[in-house]
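Residue-level listing of the chains:
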Amino acid sequence: MAEGMLQGKVALITGSGRGIGRSMAILMSSRGASVVVNDVGAGLHGETTGETPAQEVVDTIKKAGGNAVANYDSVADWDGAHRMVKQAVDTFGKIDIVVNNAGILRDVMFHKMTPEEFDAVIKVHLFGSIYVSRAAAPEFRKQESGSYIHMTSVSGLFGNIGQVNYGAAKTGIVGLSNTLVLELAKYNVRSNCISPSGNTRMTQSVPVRGTEEEKKAREKKMAATPPESPGILATFLASDLAKDVNGQIIGARGSEIYLYNHSRPTRFLNHKGGWTPELLAESLPKLAPMFSPVVPAKTWMPWTPD
Ligand SMILES: NC(=O)c1ccc[n+]([C@@H]2O[C@H](COP(=O)([O-])OP(=O)(O)OC[C@H]3O[C@@H](n4cnc5c(N)ncnc54)[C@H](O)[C@@H]3O)[C@@H](O)[C@H]2O)c1
């Protein structure tokens, strides 16, 4: 295989048996990385299927001349997370790249959401990202290098109806990434989030509602957002060429790449001697023109990428 930007690197990509993760695994391998293809083979809602998509991706990578090994552990299991990192080190000698990508959905309106529906999604996305990151952290510190890449979502960054569990987990992942930056930058370890769009079974599961025109627009958007584009961004972020990119949230949607900001105080009110609720009632509403509105992502970015 030709020399590539990830030559000599070892990547663990969770949930890479299907969808966006699969594209990442194949692309990173084509750029020289040895890959641990982790996937528990779950159904969209986290149910057991008996499928082994991780092995299929490994076969595809090997057929193309790359190095890959399958792992079937769940990211939602502390010991499983440690086993997948150990497998990378035992098989390929080290670990350089962790992509927290595994995911499931249990969409339901909040007033009907059961503890099980909340826990299952938080467990895979948030706990899973924390467990796998935690398992790799001692290795990254020891070798004084490493790149974490976490999948967040517009569902957390903007909010999305029917996805309290998913959105809360995806915003929590940003908190994980920010803190990894602060703790590990001195060890030359980077951590970035991708907010991806990709035509996968996950997006295909979103019910199509609205007018014929809206349905057509959605079809157009799905066609314009192949699962490969977030993988292109992830491959760059994983490489040493991205050494100056740290602590960022970057969107990848078809032909578009876009940078998010972080939440920062924008206005300060200071009342000598302290506030009372009544004083605040007079002053705080005056900031209304500066309030950040909560709107769905499609209100902020209504266009379809090329
Ligand atoms: N597709 C999009 O437009 C989109 C948008 C925003 C965020 N995301 C995020 O991108 C990531 C990939 O999404 P996708 O659309 O490719 O989904 P997908 O359903 O196609 O793939 C997810 C994979 O994760 C695996 N998985 C589920 N639970 C697991 C567990 N406990 N341990 C290991 N593997 C597990 C599944 O078996 C599946 O193969 C997810 O984190 C998702 O939340 C996707």
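All of these numbers come straight from a predicted model, not from anything done at the bench.

1. As for the packing of helix H1 (residues 19–30) against helix H9 (residues 228–238)
Reasoning step 1: Interaxial distance between H1 and H9 falls to 8 Å at its minimum, and their mutual angle equals 50°. Viewed along their axes, H1 and H9 adopt a mutual orientation that is oblique. Here the hand of the crossing between H1 and H9 comes out right-handed. Contact residues: Ile 20, Ser 23, Met 24, Leu 27 and Met 28 in H1; Glu 228, Pro 230, Gly 231, Ile 232, Ala 234, Thr 235 and Ala 238 in H9.
Reasoning step 2: Here the contact of H1 with H9 is built from residues that sort into 8 nonpolar, 3 polar and 1 charged.

2. Describing a nonpolar patch on the surface
Reasoning step 1: A cluster of nonpolar side chains, Leu 269, Trp 275, Leu 280 and Leu 284, forms an exposed patch at the surface whose accessible area comes to about 300 Å².
Reasoning step 2: With respect to the secondary-structure elements, Leu 269 resides in the loop between strand E8 (256–259) and helix H10 (277–283).
Reasoning step 3: Judged by its relative accessible area of 35%, Leu 269 is partly exposed.

3. Notes on the site of the ligand
Reasoning step 1: Residues in close proximity to the ligand total 30 residues, the closest being Ile 20, Asp 39, Asn 101, Tyr 166 and Thr 200.
Reasoning step 2: A distance of 3.0 Å separates an oxygen atom of the ligand from a polar atom in the side chain of Lys 170.
Reasoning step 3: Protein coverage of the free-state accessible area of the ligand, which is 830 Å², stands at 96%.
Reasoning step 4: When contributions to the shell around the ligand are tallied by element, the ones reaching two or more residues are H1, helix H4 (115–143), helix H6 (164–184), strand E6 (189–197) and helix H7 (201–204).

4. A closer look at the side chain of Gln 163
Reasoning step 1: Inspection of the secondary structure puts Gln 163 in the loop between helix H5 (154–157) and H6.
Reasoning step 2: Residue class for Gln 163 comes out buried when judged on its relative accessible area of 5%.
Reasoning step 3: For Gln 163, the side chain forms a polar contact with the side chain of Asn 160, separated by 3.0 Å.
Reasoning step 4: Once residues within four sequence positions are removed from consideration, Gln 163 is found in contact with Leu 105, Asp 107, Val 108, Ser 155 and Ala 168.

5. A short note on the confidence of the model for the protein
Reasoning step 1: Mean pLDDT for the protein: 96, with 99% of residues reaching 70 or above.
Reasoning step 2: Between the elements of the protein, mean pLDDT differs from a low of 86, seen in helix H8 (residues 212–224), to a high of 99, seen in strand E4 (residues 97–100).

6. A few points about the sheet that holds E8
Paired through backbone hydrogen bonds, the strands of a sheet run either parallel or antiparallel to each other.
Reasoning step 1: Sheet architecture is open: 8 strands sit in the order E3-E2-E1-E4-E5-E6-E7-E8, paired in mixed fashion. The sheet terminates laterally at strand E3 (68–71) and E8, the two strands that pair on one side only. Strand after strand, the sheet turns through a mean of 20° between neighbouring axes, direction not considered.
Reasoning step 2: Judged from the 4 bridges that link them, strand E2 (residues 34–38) and E3 form a sheet pairing that is parallel. Opposite Asn 38, over in E3, you have Asn 71 as the bridge partner.
Reasoning step 3: Against the sheet, H1 touches strand E1 (10–13), E2, E4, strand E5 (146–151) and E6, its axis set at about 170° to E1.

7. Digging into the nonpolar core
Reasoning step 1: Counting residues in each nonpolar core, the largest one holds 31 residues, and the members touching the most others are Leu 12, Ile 95, Val 98, Val 132, Phe 140 and Tyr 148.
Reasoning step 2: Elements represented by at least two residues in this core include exactly E1, helix H3 (78–92), H4 and H6.
Reasoning step 3: Looking at this core, the element that brings in the most residues is H4, giving 9 residues.
Reasoning step 4: When sequence neighbours within four positions are dropped, the list of residues in contact with Ile 95 reads Val 10, Leu 12, Val 85, Ala 88, Val 89, Glu 139, Phe 140 and Gln 143.
Reasoning step 5: Within the second largest apolar cluster, 29 residues are counted, among which are Leu 6, Met 28, Ala 54 and Leu 237.

What counts as what
Residues numbered from 1 in each chain as written. Predicted model: local features only at pLDDT ≥ 70, side-chain atom pairs only at ≥ 80, totals over all residues. Heavy atoms only, no water. Axes fitted to C-alpha atoms, helices over the stretch in contact; angles between N-to-C directions. Helix = DSSP H or I, 4+ residues; strand = E, 2+ residues; numbered from the N terminus. Parallel < 35°, antiparallel > 145°, perpendicular 65-115°, else oblique. Left-handed = near helix turned anticlockwise from the far one by under 90°. Contact = heavy atoms within 4.5 Å. Nonpolar A, V, L, I, M, F, W, Y, C, P; charged D, E, K, R; others polar. Patch = residues over 30% accessible without salt bridge, like charges linked within 9 Å, V, L, I, M, F, W, Y side chains within 5 Å. Areas by Shrake-Rupley, 256 points an atom, 1.4 Å probe, with all protein chains shown as cover. Salt bridge = Lys/Arg side-chain N within 4 Å of Asp/Glu carboxyl O. Buried < 20%, exposed > 50% of the residue type's maximum accessible area, 1.4 Å probe, protein only. Near = heavy atom within 4 Å. Polar contact = N/O pair within 3.5 Å; in protein donor to acceptor, adjacent residues only side chain to side chain. pLDDT = per-residue confidence, 0-100. Pairing = 2+ DSSP bridges. Core = buried A, V, L, I, M, F, W, Y, C linked by side-chain atoms within 4.5 Å.

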